[in-house]
Amino acid sequence: MTTGASASDAEPPAYVVDDSGSVATGTEEHSHNSHHHRHHHHGDDADTSHNPDSGYVGSHNDVEKNHEEDTGTDNKGTKRRRWPLLYTQYFVRDALGFFILGTINNMVYVIINSSGQSLCSYFRKDDWIGAILWCNIALGFVARLVNAFFLENTSHGKRFIAFGASTIAGILMMIISMYADTDGQHDGFFILCLIGIIFAGTASSFGESVALGYLKHGFPPELVTAWSSGTGMAGVAGSGIYLILQAVELDDRYTFMALLPLPIVYILMYYLVIKVPDKKPAHQDEKSPLLQDPPINEVPEDTTETKKQRIWRCFKLSLYYATQLFLVYMFEYVASTGAADRSQDVDFHYSDNWFIVNSYVILGFCYQIGVLISRSSLILIKIKWVEVLTILQGINAVFWVLLAEFKFMEGDVWIWVQFVLMIYCGLLGGAMYVNVFYLILHDAKYPDKDRELCANITIFAQTIGITCASLIDIVFDNFLWPEPLYYSSLSNSTSMYLSASTSSAVGTLPCAQSLVLCMSLAIGVLHLLL
(Lines give C-alpha, C1' and ligand atoms only; values in the text may rest on other atoms or scores of the structure.)
Protein backbone atom coordinates (compact mmCIF):
# COMPACT_ATOMS: atom_id res chain seq x y z
CA MET A 1 0.00 0.00 0.00
CA THR A 2 1.37 3.39 -0.93
CA THR A 3 1.13 5.83 1.91
CA GLY A 4 3.06 8.82 0.79
CA ALA A 5 0.89 9.92 -2.14
CA SER A 6 -1.54 12.72 -1.62
CA ALA A 7 -5.19 12.54 -2.56
CA SER A 8 -4.59 14.77 -5.54
CA ASP A 9 -2.10 12.28 -7.02
CA ALA A 10 -4.67 9.51 -7.28
CA GLU A 11 -7.54 9.05 -9.67
CA PRO A 12 -10.74 10.59 -8.25
CA PRO A 13 -12.49 7.68 -6.56
CA ALA A 14 -16.11 6.76 -6.99
CA TYR A 15 -18.33 7.52 -4.06
CA VAL A 16 -19.18 4.44 -2.06
CA VAL A 17 -22.54 3.49 -0.65
CA ASP A 18 -23.49 0.90 1.87
CA ASP A 19 -26.23 -1.67 1.36
CA SER A 20 -28.92 0.71 2.59
CA GLY A 21 -28.17 3.17 -0.15
CA SER A 22 -26.50 5.71 2.15
CA VAL A 23 -23.29 7.42 1.14
CA ALA A 24 -20.44 6.47 3.42
CA THR A 25 -17.14 8.18 4.02
CA GLY A 26 -15.50 4.82 4.49
CA THR A 27 -13.42 5.66 7.56
CA GLU A 28 -14.12 6.35 11.14
CA GLU A 29 -13.69 10.01 12.04
CA HIS A 30 -10.86 10.44 14.50
CA SER A 31 -9.40 13.45 16.19
CA HIS A 32 -6.35 15.25 14.86
CA ASN A 33 -4.18 13.62 17.49
CA SER A 34 -5.43 10.17 16.55
CA HIS A 35 -4.49 10.76 12.93
CA HIS A 36 -1.11 12.07 13.90
CA HIS A 37 -0.41 9.15 16.20
CA ARG A 38 -1.46 6.51 13.69
CA HIS A 39 0.55 8.12 10.89
CA HIS A 40 3.76 7.92 12.87
CA HIS A 41 3.39 4.57 14.57
CA HIS A 42 1.78 2.25 12.06
CA GLY A 43 3.87 2.60 8.94
CA ASP A 44 1.89 0.90 6.16
CA ASP A 45 -1.29 1.42 8.18
CA ALA A 46 -1.01 5.16 7.86
CA ASP A 47 -3.97 7.37 7.18
CA THR A 48 -6.09 5.67 4.54
CA SER A 49 -7.66 8.93 3.46
CA HIS A 50 -4.71 9.29 1.10
CA ASN A 51 -5.44 6.01 -0.61
CA PRO A 52 -8.30 5.74 -3.13
CA ASP A 53 -8.52 2.01 -2.51
CA SER A 54 -9.43 2.51 1.11
CA GLY A 55 -12.97 3.46 0.24
CA TYR A 56 -12.70 6.95 1.69
CA VAL A 57 -13.83 9.77 -0.53
CA GLY A 58 -11.96 13.01 -0.06
CA SER A 59 -8.66 14.36 1.17
CA HIS A 60 -6.88 14.37 4.50
CA ASN A 61 -8.09 17.90 5.11
CA ASP A 62 -11.66 16.72 4.57
CA VAL A 63 -11.25 14.25 7.43
CA GLU A 64 -9.94 17.00 9.69
CA LYS A 65 -12.80 19.27 8.70
CA ASN A 66 -15.38 16.63 9.55
CA HIS A 67 -14.86 17.39 13.24
CA GLU A 68 -16.44 20.78 12.70
CA GLU A 69 -19.32 19.50 10.59
CA ASP A 70 -22.48 17.84 11.73
CA THR A 71 -22.65 14.19 10.78
CA GLY A 72 -25.40 11.62 10.87
CA THR A 73 -25.39 7.90 11.53
CA ASP A 74 -27.51 5.45 9.59
CA ASN A 75 -29.04 2.24 10.87
CA LYS A 76 -25.71 0.40 10.46
CA GLY A 77 -23.61 2.94 12.29
CA THR A 78 -22.00 4.33 9.12
CA LYS A 79 -21.15 7.98 9.55
CA ARG A 80 -22.26 10.29 6.78
CA ARG A 81 -21.39 13.82 5.77
CA ARG A 82 -24.12 16.45 5.98
CA TRP A 83 -23.39 17.66 2.46
CA PRO A 84 -23.65 15.31 -0.54
CA LEU A 85 -20.41 14.26 -2.15
CA LEU A 86 -20.40 16.84 -4.90
CA TYR A 87 -16.80 16.33 -5.92
CA THR A 88 -16.75 12.60 -6.44
CA GLN A 89 -16.20 10.83 -9.71
CA TYR A 90 -19.81 9.90 -10.44
CA PHE A 91 -22.00 12.26 -8.41
CA VAL A 92 -21.98 15.20 -10.81
CA ARG A 93 -22.26 12.85 -13.78
CA ASP A 94 -25.23 11.03 -12.28
CA ALA A 95 -26.86 14.28 -11.16
CA LEU A 96 -26.67 15.61 -14.71
CA GLY A 97 -28.10 12.36 -16.06
CA PHE A 98 -31.07 12.30 -13.68
CA PHE A 99 -31.72 16.01 -14.26
CA ILE A 100 -31.97 15.41 -18.01
CA LEU A 101 -34.13 12.31 -17.42
CA GLY A 102 -36.57 14.36 -15.33
CA THR A 103 -36.68 17.20 -17.86
CA ILE A 104 -37.35 14.93 -20.85
CA ASN A 105 -39.79 12.76 -18.92
CA ASN A 106 -42.16 15.67 -18.31
CA MET A 107 -41.33 17.88 -21.31
CA VAL A 108 -43.65 16.14 -23.79
CA TYR A 109 -46.43 16.05 -21.18
CA VAL A 110 -46.14 19.80 -20.53
CA ILE A 111 -46.02 20.76 -24.22
CA ILE A 112 -49.10 18.63 -24.98
CA ASN A 113 -51.00 20.44 -22.21
CA SER A 114 -49.76 23.80 -23.48
CA SER A 115 -50.89 22.98 -27.02
CA GLY A 116 -54.36 21.78 -25.99
CA GLN A 117 -56.23 24.84 -27.23
CA SER A 118 -54.24 24.95 -30.46
CA LEU A 119 -54.89 21.27 -31.20
CA CYS A 120 -58.61 21.67 -30.58
CA SER A 121 -58.71 24.66 -32.91
CA TYR A 122 -56.82 22.70 -35.59
CA PHE A 123 -59.36 19.87 -35.54
CA ARG A 124 -62.26 22.32 -35.02
CA LYS A 125 -63.11 20.77 -31.65
CA ASP A 126 -63.01 23.88 -29.48
CA ASP A 127 -65.21 22.29 -26.81
CA TRP A 128 -62.88 19.33 -26.38
CA ILE A 129 -59.89 20.95 -24.70
CA GLY A 130 -60.68 18.93 -21.59
CA ALA A 131 -60.22 15.76 -23.64
CA ILE A 132 -56.65 16.75 -24.44
CA LEU A 133 -55.81 17.28 -20.78
CA TRP A 134 -57.62 14.14 -19.67
CA CYS A 135 -55.97 11.86 -22.24
CA ASN A 136 -52.58 13.10 -21.06
CA ILE A 137 -53.12 11.57 -17.61
CA ALA A 138 -55.96 9.08 -18.20
CA LEU A 139 -53.95 5.85 -17.98
CA GLY A 140 -51.25 7.09 -15.64
CA PHE A 141 -52.87 5.01 -12.91
CA VAL A 142 -52.54 1.85 -14.93
CA ALA A 143 -48.93 2.60 -15.91
CA ARG A 144 -47.87 3.15 -12.29
CA LEU A 145 -49.76 0.05 -11.19
CA VAL A 146 -48.14 -2.14 -13.83
CA ASN A 147 -44.66 -0.87 -13.00
CA ALA A 148 -45.11 -1.31 -9.25
CA PHE A 149 -46.68 -4.76 -9.15
CA PHE A 150 -45.88 -6.54 -12.40
CA LEU A 151 -42.49 -5.28 -13.63
CA GLU A 152 -40.44 -5.38 -10.46
CA ASN A 153 -38.21 -8.13 -11.86
CA THR A 154 -37.87 -6.49 -15.28
CA SER A 155 -34.61 -4.62 -15.85
CA HIS A 156 -34.76 -0.84 -15.70
CA GLY A 157 -33.10 -0.67 -19.11
CA LYS A 158 -36.04 -2.43 -20.73
CA ARG A 159 -38.47 -0.20 -18.88
CA PHE A 160 -36.67 2.96 -20.02
CA ILE A 161 -36.78 1.64 -23.59
CA ALA A 162 -40.53 1.04 -23.18
CA PHE A 163 -40.88 4.69 -22.12
CA GLY A 164 -39.02 5.85 -25.23
CA ALA A 165 -41.01 3.61 -27.58
CA SER A 166 -44.36 4.70 -26.15
CA THR A 167 -43.42 8.39 -26.31
CA ILE A 168 -42.20 8.18 -29.91
CA ALA A 169 -45.31 6.21 -30.94
CA GLY A 170 -47.56 8.81 -29.33
CA ILE A 171 -45.79 11.76 -30.99
CA LEU A 172 -45.87 10.05 -34.40
CA MET A 173 -49.62 9.40 -34.11
CA MET A 174 -50.20 13.06 -33.32
CA ILE A 175 -48.08 14.19 -36.28
CA ILE A 176 -49.73 11.74 -38.69
CA SER A 177 -53.22 12.80 -37.59
CA MET A 178 -52.41 16.47 -38.27
CA TYR A 179 -50.84 15.75 -41.66
CA ALA A 180 -53.69 13.47 -42.73
CA ASP A 181 -56.47 15.83 -41.65
CA THR A 182 -55.49 19.05 -43.38
CA ASP A 183 -58.93 20.66 -43.12
CA GLY A 184 -59.85 19.46 -39.62
CA GLN A 185 -63.06 17.82 -40.79
CA HIS A 186 -62.43 14.17 -39.95
CA ASP A 187 -63.27 12.94 -36.47
CA GLY A 188 -61.25 9.77 -36.97
CA PHE A 189 -57.97 11.67 -37.17
CA PHE A 190 -58.84 13.65 -34.04
CA ILE A 191 -59.41 10.34 -32.24
CA LEU A 192 -56.01 9.15 -33.54
CA CYS A 193 -54.48 12.31 -32.09
CA LEU A 194 -56.12 11.60 -28.73
CA ILE A 195 -54.77 8.04 -28.79
CA GLY A 196 -51.30 9.43 -29.45
CA ILE A 197 -51.68 11.76 -26.46
CA ILE A 198 -52.65 8.76 -24.31
CA PHE A 199 -49.47 6.94 -25.38
CA ALA A 200 -47.23 9.94 -24.65
CA GLY A 201 -48.94 10.91 -21.39
CA THR A 202 -48.97 7.35 -20.07
CA ALA A 203 -45.25 7.09 -20.86
CA SER A 204 -44.61 10.14 -18.68
CA SER A 205 -46.34 8.57 -15.67
CA PHE A 206 -44.60 5.27 -16.31
CA GLY A 207 -41.18 6.90 -16.67
CA GLU A 208 -41.58 8.78 -13.40
CA SER A 209 -42.31 5.57 -11.50
CA VAL A 210 -39.39 3.76 -13.13
CA ALA A 211 -36.87 6.54 -12.46
CA LEU A 212 -37.85 6.97 -8.80
CA GLY A 213 -37.53 3.22 -8.28
CA TYR A 214 -34.17 3.15 -10.08
CA LEU A 215 -32.78 5.77 -7.67
CA LYS A 216 -32.76 3.23 -4.85
CA HIS A 217 -30.22 1.00 -6.61
CA GLY A 218 -27.08 2.20 -4.86
CA PHE A 219 -27.41 5.92 -5.62
CA PRO A 220 -27.09 8.53 -2.86
CA PRO A 221 -30.59 9.65 -1.88
CA GLU A 222 -29.54 13.26 -2.53
CA LEU A 223 -29.76 12.48 -6.26
CA VAL A 224 -33.54 12.61 -5.98
CA THR A 225 -33.17 16.40 -6.11
CA ALA A 226 -31.54 16.11 -9.56
CA TRP A 227 -34.52 14.15 -10.89
CA SER A 228 -37.13 16.37 -9.24
CA SER A 229 -35.32 19.52 -10.35
CA GLY A 230 -35.45 18.22 -13.92
CA THR A 231 -39.21 17.64 -13.70
CA GLY A 232 -39.59 21.19 -12.38
CA MET A 233 -37.48 22.54 -15.23
CA ALA A 234 -39.75 20.71 -17.68
CA GLY A 235 -42.73 22.71 -16.45
CA VAL A 236 -41.01 26.07 -16.90
CA ALA A 237 -39.07 25.24 -20.06
CA GLY A 238 -41.87 23.26 -21.74
CA SER A 239 -44.49 25.96 -21.42
CA GLY A 240 -41.97 28.69 -22.22
CA ILE A 241 -40.63 26.94 -25.34
CA TYR A 242 -44.12 26.31 -26.66
CA LEU A 243 -45.10 29.94 -26.19
CA ILE A 244 -41.97 31.06 -28.04
CA LEU A 245 -42.67 28.65 -30.91
CA GLN A 246 -46.23 29.92 -31.09
CA ALA A 247 -44.99 33.52 -31.06
CA VAL A 248 -42.95 32.79 -34.22
CA GLU A 249 -46.03 30.99 -35.62
CA LEU A 250 -44.40 27.58 -35.93
CA ASP A 251 -46.91 24.91 -36.90
CA ASP A 252 -47.71 22.35 -34.18
CA ARG A 253 -46.63 19.54 -36.50
CA TYR A 254 -43.08 20.86 -36.55
CA THR A 255 -43.17 21.49 -32.81
CA PHE A 256 -43.92 17.83 -32.17
CA MET A 257 -41.34 16.75 -34.75
CA ALA A 258 -38.75 18.61 -32.71
CA LEU A 259 -39.67 16.41 -29.72
CA LEU A 260 -38.92 13.10 -31.48
CA PRO A 261 -35.19 12.98 -30.57
CA LEU A 262 -35.87 13.52 -26.86
CA PRO A 263 -36.86 9.90 -26.00
CA ILE A 264 -33.65 8.70 -27.70
CA VAL A 265 -31.60 11.10 -25.58
CA TYR A 266 -33.52 9.79 -22.56
CA ILE A 267 -32.45 6.21 -23.24
CA LEU A 268 -28.85 7.26 -23.94
CA MET A 269 -28.73 8.99 -20.54
CA TYR A 270 -29.45 5.65 -18.90
CA TYR A 271 -26.93 3.61 -20.90
CA LEU A 272 -24.09 6.10 -21.43
CA VAL A 273 -24.17 8.75 -18.70
CA ILE A 274 -25.66 7.42 -15.47
CA LYS A 275 -23.33 5.06 -13.64
CA VAL A 276 -24.27 3.05 -10.58
CA PRO A 277 -21.73 3.60 -7.77
CA ASP A 278 -19.48 0.79 -6.56
CA LYS A 279 -21.07 -1.20 -3.79
CA LYS A 280 -17.92 -2.62 -2.22
CA PRO A 281 -17.79 -2.10 1.55
CA ALA A 282 -16.53 1.39 2.33
CA HIS A 283 -14.04 0.14 4.92
CA GLN A 284 -12.45 -2.50 2.66
CA ASP A 285 -8.79 -1.92 1.77
CA GLU A 286 -5.94 -4.08 0.47
CA LYS A 287 -5.52 -5.81 3.83
CA SER A 288 -9.19 -6.58 4.24
CA PRO A 289 -10.19 -10.19 3.58
CA LEU A 290 -12.00 -10.79 0.33
CA LEU A 291 -14.68 -12.79 2.03
CA GLN A 292 -16.26 -11.29 5.11
CA ASP A 293 -19.19 -12.22 7.26
CA PRO A 294 -22.28 -10.05 6.76
CA PRO A 295 -22.86 -7.35 9.37
CA ILE A 296 -24.43 -8.79 12.47
CA ASN A 297 -27.25 -6.22 12.42
CA GLU A 298 -28.47 -7.18 8.97
CA VAL A 299 -31.84 -8.90 9.11
CA PRO A 300 -31.95 -12.02 6.91
CA GLU A 301 -34.53 -11.93 4.14
CA ASP A 302 -37.79 -13.60 5.06
CA THR A 303 -38.10 -16.32 2.46
CA THR A 304 -41.53 -17.34 3.78
CA GLU A 305 -43.15 -13.99 2.95
CA THR A 306 -45.52 -14.18 0.02
CA LYS A 307 -45.75 -11.48 -2.63
CA LYS A 308 -49.16 -10.47 -1.32
CA GLN A 309 -47.79 -10.10 2.20
CA ARG A 310 -44.85 -8.05 0.95
CA ILE A 311 -47.08 -5.65 -1.00
CA TRP A 312 -49.34 -5.19 2.02
CA ARG A 313 -46.34 -4.59 4.28
CA CYS A 314 -44.92 -2.00 1.87
CA PHE A 315 -48.33 -0.36 1.58
CA LYS A 316 -48.44 0.10 5.35
CA LEU A 317 -44.87 1.41 5.33
CA SER A 318 -45.72 3.94 2.63
CA LEU A 319 -49.15 4.96 3.91
CA TYR A 320 -48.06 8.00 5.92
CA TYR A 321 -45.97 9.67 3.23
CA ALA A 322 -48.46 8.64 0.53
CA THR A 323 -51.24 10.35 2.49
CA GLN A 324 -49.21 13.54 2.83
CA LEU A 325 -48.44 13.55 -0.91
CA PHE A 326 -52.08 12.88 -1.77
CA LEU A 327 -53.36 15.75 0.39
CA VAL A 328 -50.78 18.29 -0.80
CA TYR A 329 -51.44 17.58 -4.48
CA MET A 330 -55.20 17.67 -3.99
CA PHE A 331 -54.96 21.05 -2.23
CA GLU A 332 -52.41 22.26 -4.79
CA TYR A 333 -54.53 21.52 -7.84
CA VAL A 334 -57.69 22.89 -6.25
CA ALA A 335 -55.83 26.17 -5.79
CA SER A 336 -53.82 26.32 -9.03
CA THR A 337 -56.45 25.07 -11.49
CA GLY A 338 -59.87 25.13 -9.81
CA ALA A 339 -59.74 28.49 -8.05
CA ALA A 340 -57.03 30.44 -9.88
CA ASP A 341 -59.15 30.84 -13.02
CA ARG A 342 -61.91 32.43 -10.90
CA SER A 343 -59.73 34.91 -9.04
CA GLN A 344 -60.81 37.74 -11.40
CA ASP A 345 -64.22 38.98 -12.47
CA VAL A 346 -65.83 37.19 -15.42
CA ASP A 347 -65.22 40.28 -17.58
CA PHE A 348 -61.52 40.52 -16.77
CA HIS A 349 -60.69 40.04 -20.47
CA TYR A 350 -61.91 43.60 -21.09
CA SER A 351 -59.19 45.03 -18.86
CA ASP A 352 -56.51 47.30 -20.30
CA ASN A 353 -53.89 45.56 -18.14
CA TRP A 354 -52.14 42.82 -20.15
CA PHE A 355 -51.22 40.94 -16.96
CA ILE A 356 -54.85 40.80 -15.83
CA VAL A 357 -56.09 39.68 -19.25
CA ASN A 358 -53.55 36.83 -19.27
CA SER A 359 -53.60 36.25 -15.51
CA TYR A 360 -54.54 32.56 -15.65
CA VAL A 361 -51.69 31.66 -17.99
CA ILE A 362 -49.21 33.73 -15.97
CA LEU A 363 -50.43 32.17 -12.72
CA GLY A 364 -49.73 28.76 -14.20
CA PHE A 365 -46.23 29.87 -15.16
CA CYS A 366 -45.63 31.25 -11.64
CA TYR A 367 -46.74 27.92 -10.21
CA GLN A 368 -44.16 26.12 -12.35
CA ILE A 369 -41.44 28.49 -11.17
CA GLY A 370 -42.27 27.67 -7.55
CA VAL A 371 -42.18 23.94 -8.30
CA LEU A 372 -38.79 24.25 -10.00
CA ILE A 373 -37.25 26.17 -7.09
CA SER A 374 -38.47 23.85 -4.36
CA ARG A 375 -37.74 20.63 -6.24
CA SER A 376 -34.15 21.88 -6.58
CA SER A 377 -33.81 22.81 -2.91
CA LEU A 378 -32.89 19.47 -1.34
CA ILE A 379 -29.15 20.19 -1.41
CA LEU A 380 -29.77 23.26 0.77
CA ILE A 381 -32.59 22.19 3.05
CA LYS A 382 -34.25 18.90 3.96
CA ILE A 383 -37.68 18.86 5.60
CA LYS A 384 -38.41 15.88 7.81
CA TRP A 385 -41.76 17.06 9.17
CA VAL A 386 -43.58 17.05 5.83
CA GLU A 387 -46.98 17.26 7.49
CA VAL A 388 -46.25 20.97 8.03
CA LEU A 389 -46.28 21.38 4.23
CA THR A 390 -49.65 19.63 4.10
CA ILE A 391 -51.16 22.02 6.65
CA LEU A 392 -49.77 25.08 4.86
CA GLN A 393 -51.03 23.89 1.48
CA GLY A 394 -54.46 23.18 2.96
CA ILE A 395 -54.62 26.74 4.28
CA ASN A 396 -53.45 27.96 0.88
CA ALA A 397 -56.23 26.06 -0.91
CA VAL A 398 -58.88 27.54 1.42
CA PHE A 399 -57.46 31.01 0.73
CA TRP A 400 -57.71 30.58 -3.06
CA VAL A 401 -61.26 29.21 -2.86
CA LEU A 402 -62.28 32.24 -0.77
CA LEU A 403 -60.50 34.50 -3.25
CA ALA A 404 -62.41 32.91 -6.14
CA GLU A 405 -65.70 33.32 -4.27
CA PHE A 406 -65.34 36.88 -2.92
CA LYS A 407 -62.68 38.30 -5.30
CA PHE A 408 -61.05 40.52 -2.69
CA MET A 409 -57.78 40.87 -4.64
CA GLU A 410 -58.70 42.67 -7.82
CA GLY A 411 -56.83 45.47 -9.53
CA ASP A 412 -53.49 46.27 -11.10
CA VAL A 413 -51.55 45.97 -7.84
CA TRP A 414 -53.26 42.94 -6.32
CA ILE A 415 -52.65 40.81 -9.40
CA TRP A 416 -48.95 40.85 -8.57
CA VAL A 417 -49.73 39.62 -5.06
CA GLN A 418 -51.59 36.72 -6.67
CA PHE A 419 -48.54 35.90 -8.79
CA VAL A 420 -46.34 35.73 -5.67
CA LEU A 421 -48.89 33.59 -3.82
CA MET A 422 -49.01 31.15 -6.74
CA ILE A 423 -45.23 30.81 -6.61
CA TYR A 424 -45.70 29.97 -2.93
CA CYS A 425 -48.26 27.31 -3.90
CA GLY A 426 -45.71 25.71 -6.23
CA LEU A 427 -43.01 25.90 -3.57
CA LEU A 428 -45.09 23.86 -1.12
CA GLY A 429 -46.00 21.18 -3.67
CA GLY A 430 -42.47 20.81 -5.01
CA ALA A 431 -41.00 20.66 -1.51
CA MET A 432 -43.39 17.86 -0.55
CA TYR A 433 -42.49 15.87 -3.67
CA VAL A 434 -38.72 16.02 -3.31
CA ASN A 435 -38.61 15.52 0.48
CA VAL A 436 -41.05 12.60 0.54
CA PHE A 437 -39.04 10.64 -2.00
CA TYR A 438 -35.76 11.58 -0.35
CA LEU A 439 -37.08 10.19 2.94
CA ILE A 440 -38.27 6.98 1.29
CA LEU A 441 -34.85 6.46 -0.31
CA HIS A 442 -33.00 7.44 2.88
CA ASP A 443 -35.08 6.55 5.94
CA ALA A 444 -33.75 3.47 7.74
CA LYS A 445 -37.26 2.11 8.38
CA TYR A 446 -37.54 1.18 4.68
CA PRO A 447 -35.64 -2.03 3.85
CA ASP A 448 -33.38 -1.53 0.86
CA LYS A 449 -35.10 -4.23 -1.17
CA ASP A 450 -38.49 -2.55 -0.64
CA ARG A 451 -37.62 1.07 -1.41
CA GLU A 452 -38.57 0.84 -5.08
CA LEU A 453 -41.98 -0.69 -4.35
CA CYS A 454 -42.63 1.86 -1.59
CA ALA A 455 -41.72 4.72 -3.94
CA ASN A 456 -44.10 3.39 -6.61
CA ILE A 457 -46.94 3.04 -4.10
CA THR A 458 -46.35 6.59 -2.89
CA ILE A 459 -46.26 8.16 -6.37
CA PHE A 460 -49.61 6.48 -7.05
CA ALA A 461 -51.08 8.69 -4.30
CA GLN A 462 -50.01 11.78 -6.23
CA THR A 463 -52.17 10.82 -9.21
CA ILE A 464 -55.13 10.04 -6.93
CA GLY A 465 -54.77 13.50 -5.38
CA ILE A 466 -54.83 15.22 -8.78
CA THR A 467 -57.93 13.25 -9.79
CA CYS A 468 -59.76 14.14 -6.58
CA ALA A 469 -58.87 17.79 -7.17
CA SER A 470 -60.39 17.61 -10.66
CA LEU A 471 -63.62 16.19 -9.19
CA ILE A 472 -63.71 19.01 -6.63
CA ASP A 473 -63.20 21.50 -9.45
CA ILE A 474 -66.22 20.03 -11.26
CA VAL A 475 -68.37 20.53 -8.17
CA PHE A 476 -67.17 24.11 -7.79
CA ASP A 477 -67.67 24.94 -11.47
CA ASN A 478 -71.20 23.58 -11.60
CA PHE A 479 -72.56 24.56 -8.17
CA LEU A 480 -70.40 27.20 -6.51
CA TRP A 481 -69.32 29.18 -9.59
CA PRO A 482 -71.76 28.38 -12.41
CA GLU A 483 -71.22 31.70 -14.23
CA PRO A 484 -69.58 31.49 -17.70
CA LEU A 485 -65.86 31.99 -18.19
CA TYR A 486 -63.69 33.78 -20.70
CA TYR A 487 -60.23 32.38 -21.29
CA SER A 488 -57.61 34.51 -22.99
CA SER A 489 -54.87 32.90 -25.06
CA LEU A 490 -51.38 34.28 -24.48
CA SER A 491 -50.28 33.29 -28.00
CA ASN A 492 -52.98 35.34 -29.70
CA SER A 493 -55.47 38.06 -28.91
CA THR A 494 -58.60 35.97 -29.36
CA SER A 495 -60.70 34.74 -26.45
CA MET A 496 -62.53 31.50 -26.00
CA TYR A 497 -65.90 31.55 -24.30
CA LEU A 498 -67.00 28.54 -22.29
CA SER A 499 -70.60 28.44 -21.17
CA ALA A 500 -71.61 26.64 -18.03
CA SER A 501 -73.08 23.83 -20.10
CA THR A 502 -69.84 23.36 -22.03
CA SER A 503 -67.86 23.37 -18.80
CA SER A 504 -70.17 20.72 -17.44
CA ALA A 505 -69.74 18.59 -20.57
CA VAL A 506 -65.97 18.83 -20.40
CA GLY A 507 -66.19 18.13 -16.67
CA THR A 508 -67.44 14.62 -17.33
CA LEU A 509 -63.94 13.70 -18.49
CA PRO A 510 -62.40 13.65 -14.99
CA CYS A 511 -65.34 11.47 -13.98
CA ALA A 512 -64.23 9.01 -16.65
CA GLN A 513 -60.71 9.28 -15.27
CA SER A 514 -62.07 8.40 -11.85
CA LEU A 515 -63.62 5.29 -13.41
CA VAL A 516 -60.18 4.37 -14.75
CA LEU A 517 -58.77 4.93 -11.25
CA CYS A 518 -61.38 2.60 -9.73
CA MET A 519 -60.57 -0.03 -12.36
CA SER A 520 -56.86 0.31 -11.60
CA LEU A 521 -57.46 -0.06 -7.87
CA ALA A 522 -59.62 -3.11 -8.57
CA ILE A 523 -56.77 -4.64 -10.57
CA GLY A 524 -54.43 -3.98 -7.65
CA VAL A 525 -56.81 -5.62 -5.17
CA LEU A 526 -57.22 -8.65 -7.43
CA HIS A 527 -53.44 -8.86 -7.73
CA LEU A 528 -53.19 -8.99 -3.94
CA LEU A 529 -55.87 -11.66 -3.65
CA LEU A 530 -54.65 -13.98 -6.42
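See the structure above.
Please read these numbers as outputs of a predicted model, since none were measured by experiment.

K.L.:
Looking at this structure, how should I read the nonpolar core?
P.N.:
Nonpolar side chains tend toward joint burial in soluble globular proteins. Of all hydrophobic cores here, the largest spans 59 residues; its most connected members are Phe98, Val224, Trp227 and Phe437. Examining the composition of this core, we find that eleven residues originate from one element, helix 16 (residues 414-442), more than from any other. With residues up to four places along the chain from it excluded, the contact list for Phe437 reads Leu212, Val224, Leu325, Ala455, Thr458 and Ile459.

K.L.:
I would appreciate a short explanation of the environment of Tyr333 in the present structure.
P.N.:
Mapping Tyr333 onto the fold places it in helix 12 (residues 307-339). Sequence-wise, Tyr333 and Ile466 are 133 residues apart; in three dimensions their C-alpha atoms are separated by 6.4 Å.

K.L.:
Just to check I follow, could you spell out the pattern of salt bridges for this structure?
P.N.:
Oppositely charged side chains can form a pair if their charged atoms are brought close together. If you walk through the whole model with that rule in mind, you get nine salt bridges. Of the charged contacts, one joins Arg144 and Glu208 as a salt bridge, the two residues approaching to 2.9 Å between their closest N and O atoms. Of the two residues, Arg144 sits in helix 6 (residues 140-149) while Glu208 sits in helix 8 (residues 187-214), which places them 64 residues apart along the sequence. Across this residue pair, the class does not change: Arg144 and Glu208 are buried. Between Asp251 and Arg253 there is a salt bridge; the shortest N-O distance is 3.1 Å. The exposure class assigned to Arg253 is buried, which follows from its relative accessible area of 16%. One continuous salt-bridge network, built from bridges that share partners, spans Glu152, Glu305, Arg310, Arg313, Lys449 and Asp450.

K.L.:
Would you take a moment to explain the packing of aromatic side chains for this structure?
P.N.:
Given two aromatic rings, their pairing is described by the distance between the two centres and the angle made by the two planes. If you walk through the whole model with that rule in mind, you get 21 aromatic pairs. For the pair Tyr329 and Tyr333, a centre-to-centre distance of 6.2 Å together with 25 degrees between the ring planes defines the contact as stacked. Taken together, the residues span about one helical turn, with Tyr329 and Tyr333 both in helix 12 at a distance of four residues. Lying across the ring of Trp385, Lys384 places its NZ or CZ 5.6 Å from the centre.

K.L.:
So what exactly am I meant to see when it comes to the side chain of Thr390 here?
P.N.:
By the secondary structure assignment, Thr390 is in helix 15 (residues 387-406). Judged by its relative accessible area of 7%, Thr390 is buried. Once residues within four sequence positions are removed from consideration, Thr390 is found in contact with Gln324, Leu327, Val328, Phe331 and Met432.

K.L.:
In this structure, what is going on with the packing of helix 9 (residues 224-247) against helix 16? I would like to understand it.
P.N.:
Two measures define how a pair of helices packs: the angle their axes make with one another and the distance between the axes. At a closest axis distance of 10 Å, the pairing of helix 9 and helix 16 adopts a crossing angle of 155 degrees. Of the possible angle classes, the one that applies to helix 9 and helix 16 is roughly antiparallel. The way helix 9 lies across helix 16 gives a crossing that is right-handed. Judged by residue contacts, Val224, Thr225, Trp227 and Ser228 of helix 9 engage Tyr433, Val434, Phe437, Tyr438 and Leu441 from helix 16.

Conventions used here
Residues numbered from 1 in each chain as written. Predicted model: local features only at pLDDT ≥ 70, side-chain atom pairs only at ≥ 80, totals over all residues. Heavy atoms only, no water. Core = buried A, V, L, I, M, F, W, Y, C linked by side-chain atoms within 4.5 Å. Buried < 20%, exposed > 50% of the residue type's maximum accessible area, 1.4 Å probe, protein only. Helix = DSSP H or I, 4+ residues; strand = E, 2+ residues; numbered from the N terminus. Contact = heavy atoms within 4.5 Å. Salt bridge = Lys/Arg side-chain N within 4 Å of Asp/Glu carboxyl O. Phe/Tyr/Trp six-rings, centres within 6.5 Å; stacked < 30°, edge-to-face > 60°. Lys NZ or Arg CZ within 6 Å of the ring centre and 35° of its normal. Axes fitted to C-alpha atoms, helices over the stretch in contact; angles between N-to-C directions. Parallel < 35°, antiparallel > 145°, perpendicular 65-115°, else oblique. Left-handed = near helix turned anticlockwise from the far one by under 90°.

Honestly, that's just the spatial picture; any functional story needs more than this.
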